[in-house]
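# A look at the structure
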Protein chains: 2
Amino acid sequence: MSSSLPAVGVEDVRRAAARIKPYAHKTPVITSATVDSMTGASIFFKCENLQRVGAFKFRGAANAVFSLDGAAALRGVATHSSGNHAQALALAARLRGIDACIVMPKDAPRVKVDAVRGYGARIVFSGNAPEDRERTLADVVKETGAEFVHPSDDLRVIAGQGTCALEIMEEIADLDFVITPVGGGGLLSGTALAVHGVSPKTRVIGAEPAAADDAFRSFTTGTLFPSGNPKTIADGLRTSLGPNTFPLVRTFVTAIITTTEEAIVRAMRLVWERMKLVIEPSAAVPLAALMEGKLDIKEKRVAIVLSGGNVDLDALPWIAR
Amino acid sequence: MSSSLPAVGVEDVRRAAARIKPYAHKTPVITSATVDSMTGASIFFKCENLQRVGAFKFRGAANAVFSLDGAAALRGVATHSSGNHAQALALAARLRGIDACIVMPKDAPRVKVDAVRGYGARIVFSGNAPEDRERTLADVVKETGAEFVHPSDDLRVIAGQGTCALEIMEEIADLDFVITPVGGGGLLSGTALAVHGVSPKTRVIGAEPAAADDAFRSFTTGTLFPSGNPKTIADGLRTSLGPNTFPLVRTFVTAIITTTEEAIVRAMRLVWERMKLVIEPSAAVPLAALMEGKLDIKEKRVAIVLSGGNVDLDALPWIAR
């Protein structure tokens, strides 16, 4: 094992599980005879769309917030995100009774701004470029002393996201594969740590839109590719691996598979229609890749993390506007 | 207890639970901090939208099919339904390896016809009037000797639907209320039997669209009102109580509450948006009535059966076409 691996392991995931247990939902695992017969496999869907704030992100944010010591907690937490991590950190902070400050791009959708505000967080708007939001965040941290909780590359966040895989393995034995979407890699690397520690024969796979295949390219070349603001419907997966998630993914993940935009929408609709679960496009990416035959799962036991369910119900991808 | 009560009790529900266990999903119970804070109650949602065929109807159909003796099973089963019971009976018959014949009105939506056919059932089309479909069904039964399984007023169906409440009470203690939608009354009467037998202090409530309030009027007047092809978005609740369900509802149900069409759509959207569950309008009726304040549930523990999730994703009620 490379000496450059970040200092996080399955024991951190176990501690995170104990820490967030009073706050996070233990989400159900659902199966579908229809999907099993379409794929020839036994697929177990872990419903993180039913997690608090509608996404697995609550696990990592809660682990970060509840692992702060008293003095740090008093100074609050801060992050930049217009996605699920923003809501997750806001809710986790509220549950601990501390301040959260979220830096959001000034063109963030109103519904997302309102959701974060609804959880009681302070919002600071920044320009839309990555360097703008980082400068604004640095100002916030300097001013308040708040603890920065990165959406994916924070070790506490990685350990928190791994708790989802612990729950899967407690409930489902003898898995051949666990597949998660990959954007910043917090969920994928946390999952890989947990699975490697508990069930080393189970292989962990990341799934990514072909239109945003920076993780695939980083994984296969060994060089970290930044994400160049890619165009994909899977808006949760536009970010790239980081200094912590990249080596973890390289060490513990077996493969990254990619899928088309059309397949993502088809898989999303299939889950809504046949499984009655509202999932966001990012959550459909693993199933989309499987439906396109990107992994040989015939007669295998496969867990998929349905990572989130935050979508605009007025703008569904299969309804023309 | 009236001597006119049909011969079905909680022991039949327990036998049904054992009988269908190999085939039916034990569906999860989900909570929502958002809904709890909106209502001031603790609400437990039993997710029968995640049941096989996407509705609780599979429980009753499976109990009917698997309680047939060998000779009767050989002659198959038959029913009239263009709704969830049609798919439920078709799947249950396929699982037992026997014939199912479903009488559907000739203007039934193509997607529903295809779904039933997809489960391997034979479809016989009839005229759209109730007497047409009953005549056609009588012809089918005469010709094949098939066992008629009524969508709601069959005692085996009633016992099967009650198994959902058994699961709720196994998982959630000290419930003040269990609320289900009411159309034909199979779910409501089965639930009432099960709850009365296991937790007699818990009150069972039926919820109905005000636009289709035949059960409410039957319940309050003591005279069985037929349903007059009412116009409600809750298409699963257009039928009326029957000779078996009516006395059970009168005896074991505490109240029937009604709600508006607007509240049904709002509650449906709330469940999709905040709970990430695809539910059909009928399933939203209990929550809609609660959101309108039709029952005092402050600080109470309330279970709601989310009865089904079969909707046309191309025709959502909040999207103009």
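This text gives an overview of the structure that appears in the document. (Residues numbered from 1 in each chain as written. Chains lettered and ligands numbered in written order. Predicted model: local features only at pLDDT ≥ 70, side-chain atom pairs only at ≥ 80, totals over all residues. Heavy atoms only, no water.)

## So, the sheet that holds strand E9 (residues 255-259) of chain B
Residues and elements named next belong to chain B. Pairing is mixed in the open sheet, where 6 strands are placed in the order E1-E2-E10-E7-E8-E9. Taken across any chain shown, the strands that pair with only one partner, and hence form the sheet edges, are strand E1 (29-30) and E9. As judged from the 3 bridges shared by strand E7 (residues 177-181) and strand E10 (residues 301-306), these two strands associate in the parallel manner. Bridge assignment links Ile179 to a residue of E10, and that residue is Ile304. Together, E1, strand E2 (42-47), strand E8 (203-209) and E9 form the strand contacts of helix H12 (residues 261-275), whose direction differs from that of E9 by roughly 90 degrees. (Pairing = 2+ DSSP bridges. Helix = DSSP H or I, 4+ residues; strand = E, 2+ residues; numbered from the N terminus. Contact = heavy atoms within 4.5 Å. Axes fitted to C-alpha atoms, helices over the stretch in contact; angles between N-to-C directions.)

## Details of the pattern of salt bridges
Residues and elements named next belong to chain A. Scanning the entire structure with this criterion turns up 34 salt bridges over all chains. One salt bridge connects Lys294 with Glu292, and the closest N-O pair in it is separated by 3.6 Å. A relative accessible area of 36% places Lys294 in the partly exposed class. What you see here is one network of salt bridges that share partners, running through Lys46, Glu48, Arg59 and Glu167. (Salt bridge = Lys/Arg side-chain N within 4 Å of Asp/Glu carboxyl O. Buried < 20%, exposed > 50% of the residue type's maximum accessible area, 1.4 Å probe, protein only.)

## A closer look at the interface of chain B and chain A
Opposite the 25 residues of chain B that make contact, chain A presents 25 residues. Three residues stand out in chain B for area buried against chain A, namely Leu50(B), Lys276(B) and Leu313(B), and they jointly supply 32% of the buried area on that side. Joining chain B to chain A, the criterion identifies 2 salt bridges. Between Asp314(B) and Arg269(A) there is a salt bridge; the shortest N-O distance is 3.0 Å. Where chain B meets chain A, there are 10 residue pairs in polar contact (both at pLDDT 80 or more). (Buried area = accessible area lost by both parts, 1.4 Å probe. Polar contact = N/O pair within 3.5 Å; in protein donor to acceptor, adjacent residues only side chain to side chain.)

## A few points about the relation of the copies chain B and chain A
Once chain B has been moved 0.0 Å along the axis and rotated by 180 degrees, it coincides with chain A to within an RMSD of 0.0 Å. The relationship between the two copies is best expressed as a two-fold rotation axis. Across chain B, the smallest distance between a C-alpha and the rotation axis is recorded for Leu277(B), namely 2.5 Å. When the interface residues of chain B are mapped onto chain A, 100% of them again lie at the interface, so the same face is used by both copies. (Least-squares fit on C-alpha atoms with pLDDT ≥ 70 in both.)

## Describing the pairing of strand E5 (residues 122-126) of chain B
All names here are of chain B. Where strand E4 (residues 100-105) lies against E5, 5 bridges are found, and the strand directions are parallel. The partner of Val103 across the bridge, within E5, is Val124. In terms of handedness, the path from E4 via helix H6 (residues 110-118) over to E5 forms a crossover that is right-handed. (Right-handed = clockwise from strand over helix to strand, strands pointing away.)

## A look at helix H10 (residues 214-221) of chain B
Residues and elements named next belong to chain B. Taken as a whole, H10 has its buried residues at Asp214, Ala215, Ser218 and Phe219. Along the axis of H10, the buried positions cluster into a sector of 130 degrees, meaning they face one direction only. Next to the buried residues of H10 lie E8, helix H11 (245-252) and E9. (Arc of directions from axis to C-beta.)

## A few points about the packing of helix H12 (residues 261-275) of chain A against helix H13 (residues 281-291) of chain A
All names here are of chain A. Remark: H12 packs on H13, axes separated minimally by 7 Å, with the N-to-C direction vectors making an angle of 105 degrees. One element, H12, and the other, H13, form an angle in the roughly perpendicular class. Here H12 contributes Ala263, Ile264, Ala267, Met268, Leu270 and Val271 to the contact with H13, which in turn contributes Pro281, Ala284, Val285, Leu287, Ala288 and Met291. (Parallel < 35°, antiparallel > 145°, perpendicular 65-115°, else oblique.)

## Structural notes on the environment of Thr223(B)
Residue and element names in this part refer to chain B. Here Thr223 lies in the loop between H10 and H11. As a C-alpha pair, Thr223 and Phe246 span 23 residues in sequence and 9.1 Å in three-dimensional space. When near neighbours in sequence (up to four residues on either side) are disregarded, Thr223 contacts Arg217, Ser218 and Phe246.

Fair warning: the whole summary comes from geometry, so function is off the table for now.
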